[in-house]
Structure formats: structure tokens, C-alpha cells
Amino acid sequence: MTFTKRHLLGIEPLHPVEITTLLDLADRYAEMGRGVAKHGHALDGLTQINMFFENSTRTQASFELAGKRLGADVMTMSMQTSSVKKGETLIDTALTLNAMHPDLLVVRHPHSGAVNLLAEKVNCAVLNAGDGRHEHPTQALLDALTIRRTKGRLHRLNIAICGDIAHSRVARSNILLLGKMENRVKLVGPPTLIPAGVSDWGVEVFEDMREGLAGADVVMMLRLQRERMDGGFIPSEREYYHRYGLDAAKLSCAKDDAIVMHPGPMNRGVEIDGTIADDINRSVIQEQVEMGVAVRMAAMELLAANLSAAREAAASGVTA
Ligand code: ASP
């Protein structure tokens, strides 16, 4: 088995071998991205449509760049001005776009499960660019590639994921991926921001940040997802920073060579001290952005190959 999926909807259905296959290809694209010639041909002649129903900076830009670097015709829909504003449903929009015969559809949506639903209605490959608090698979994959490149491996690491776990799709996808690759995953945060049922996830939970960070190889910080909060989850930002903001004193509890990660957008002085975020000896936040392009190139190449195999099989009357 290499990579058999038709869509990339989440980390949950992926086999560890598929994760490794994707990361190996992304590694090659990361090297290519550092060279002069950044272009490949894996998506030549294909059409990629990006539909972002929620704001995005890094994810949207890197999906666009990834498609262009591999030769696709890339169209980014502005959902703010589309017919969705006039009341068209997600499915109608998807069917309209489907009629334009895209090969790759990249979708971000505020509702968990919306992207899976859409994937059932179209006949192209669908990539989930973040759905509600459910999953953000390419973020977890780019985090994994960043960890593997800086730590030299992606197993038996001690990884602390800190902050607003309850509302974070990044946390969920990372917990799934890091667990599949046999790491020790620790969640750190106030009880109000730790989801119910977490004890079934194969992780440890810490309320005290210093205890949670002890011995960590990787410290992953998360933003407070205020857009998904419907009440008071923290007493105040000041109090939150005091207890859970990553500063030099708290980071000293982790291993001396621990790396600091953040998916962005960052709120300096809320979940992370600006000097830690900018410390090139500890922070790999810029590498995460760089790996984002490479991982999305790899994901789209693998899905495009599976799509073309399925289309060829259908054309010759064989069920793929
Ligand atoms: N950019 C990430 C996401 O879309 C993390 C965040 O927004 O805090 O989930």
C-alpha cells in the first residue's frame, strides 16, 4: 500500500504507511522549494478550485501556490461575494462547480462534517482545508513533516499540545496523526478548554503547564478559537497568559532542545510570548509555513494520481 485514498478529508482514515508516503514526497518538494526551479508537472492540465467559507491566510495561499507550482489551473472562489451570500446551499454551490469539471476541490467550512458531505456529491478529489472543530489534515501533515525534519524522526517523541484543545481542529488532527505514529501526546490546558471524552483518545491531560511541558521534545501552542466559543471559557486573557502563555520560564521545563510550534494566526501575549515565537533557536513556526506548501503539493499529486487511475478504470469498465 502507498496512498490509496480518493479524498483527503481527515487524518482519521489514513494508515501510517500512507502518512509516511505523503511525507516522503513532501520532503522532496520541500527541497525543490529551496532551489531555483520550483516547478513540477504532476498537475499539468488539471483544474483546482479553492472554496474558503472561512477566513484563511496561510492555508489558502499555500494551496494556491502548491497547485500553481505543479502546473494546475487554479481558481480561488471568493465565498464572501459568491451566491452563498444569496442563500445558495453548500451542495448547490458544489454541484455548480462540479459542472465545470474540476479535478481537485479544496474546501474550508465552519461546520464540522460539511466537507465530507460535499465529497459525496462531486466527482473529483476533495481536500479538507479545515471543517469546524473537526479536522485540518494538511495542517497536521505539515506539522509532522516539520517535526520529522527537525527531530530526525516522527515516533517515540514527547509532544505537548497546549491551549484551546476543545475548539481546535488542528489539535484533533495532530492528536490522531501523532498517536498513529506512536508518540506520547500530552494535552495541556484549563479544564474548560479540554474536550469531554478525551480519556478515550490515548493522550495524557495536564492542567498545570509546567508539569505538562516536563520532558517535552515538541511544544505545540494553539490560539484561543473565540469564533467557536459561546460563553466565557477563560477568566481573562491576562490570567490565561499567566497560567498558559508560553514564556521562557515555562519553556525551561521542556527539554533543552525542544522546538516550539504554532499553526497561526498567533496572538502574541495571549498564548505565546513574542520573543519565544521569534527565537530562531526554538521556534519552527516559519518552517511550518514552508512545509505547508510542500505537503499540499504532495497531497494533491497523490490524489490526482488516484483520480486518474479511477477515471481510467471507469473508462475501461473496471471498478477501481
Ligand atoms: N489556522 C488554523 C485553523 O484554521 C488554526 C487557527 O485558526 O487557530 O484551524
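Treat the numbers as computed from the prediction; the structure is a model and nothing was measured.

1. Examining the pairing of strand E3 (residues 104-109)
In step 1: When you tally the buried positions in E3, you get six out of six residues, the bulk of the element.
In step 2: Burial of E3 is two-sided: the residues Leu104, Val106 and Arg108 facing one way and the residues Leu105, Val107 and His109 facing the other way are all buried.
In step 3: When strand E1 (residues 47-52) meets E3, the two strands line up parallel, connected through five bridges. Paired with Met51 across the two strands is Val107, which belongs to E3.
In step 4: Two elements, E3 and strand E4 (residues 125-131), share five bridges in a ladder whose sense is parallel. Among the inter-strand pairings, His109 is bridged to a residue of E4, identified as Asp131.

2. Some points on the site of the ligand
In step 1: Every residue near the ligand is listed here: Arg108, His136, Arg169, Val170, Arg223, Gln225, Gly264 and Pro265.
In step 2: Here an oxygen atom of the ligand sits 2.8 Å away from a polar atom, N or O, in the side chain of Arg169.
In step 3: Between an oxygen atom of the ligand and a side-chain N or O atom of Gln225, the distance comes to 2.7 Å.
In step 4: For the ligand, the accessible surface in isolation is 260 Å², of which the surrounding protein chains cover 93%.

3. Topic: the environment of Leu302
In step 1: Position of Leu302 relative to the elements: it lies in helix H11 (residues 285-315).
In step 2: Along the primary structure Leu302 and Ile159 are separated by 143 residues, whereas in three dimensions their C-alpha atoms are 28 Å apart.
In step 3: With near-sequence residues (within four places) excluded, Leu302 lies in contact with Phe3, Leu22 and Leu25.

4. Considering the packing of helix H1 (residues 16-34) against helix H5 (residues 137-151)
In step 1: Between H1 and H5, the least distance of the axes is 10 Å, while the angle of their chain directions is 70°. It follows from the interaxial angle that H1 and H5 lie roughly perpendicular. In this structure, H1 uses Ile19, Thr20, Leu22, Leu23, Asp24, Ala26, Asp27, Ala30, Glu31 and Arg34 to contact H5, whose residues at the interface are Leu141, Ala144, Leu145, Arg148 and Arg149.
In step 2: Tallied by class, the residues present in the contact of H1 with H5 amount to eight nonpolar, one polar and six charged.

5. A closer look at the side chain of Gln225
In step 1: Structurally, Gln225 can be placed in the loop between strand E8 (218-221) and helix H8 (237-244).
In step 2: Using a relative accessible area of 9% as the deciding quantity, one classes Gln225 as buried.
In step 3: Each residue touching Gln225, except ones within four places of it in the same chain, is listed here: Asp164, His167 and Ser168.

Analysis parameters
Residues numbered from 1 in each chain as written. Predicted model: local features only at pLDDT ≥ 70, side-chain atom pairs only at ≥ 80, totals over all residues. Heavy atoms only, no water. Buried < 20%, exposed > 50% of the residue type's maximum accessible area, 1.4 Å probe, protein only. Helix = DSSP H or I, 4+ residues; strand = E, 2+ residues; numbered from the N terminus. Pairing = 2+ DSSP bridges. Near = heavy atom within 4 Å. Polar contact = N/O pair within 3.5 Å; in protein donor to acceptor, adjacent residues only side chain to side chain. Areas by Shrake-Rupley, 256 points an atom, 1.4 Å probe, with all protein chains shown as cover. Contact = heavy atoms within 4.5 Å. Axes fitted to C-alpha atoms, helices over the stretch in contact; angles between N-to-C directions. Parallel < 35°, antiparallel > 145°, perpendicular 65-115°, else oblique. Nonpolar A, V, L, I, M, F, W, Y, C, P; charged D, E, K, R; others polar.

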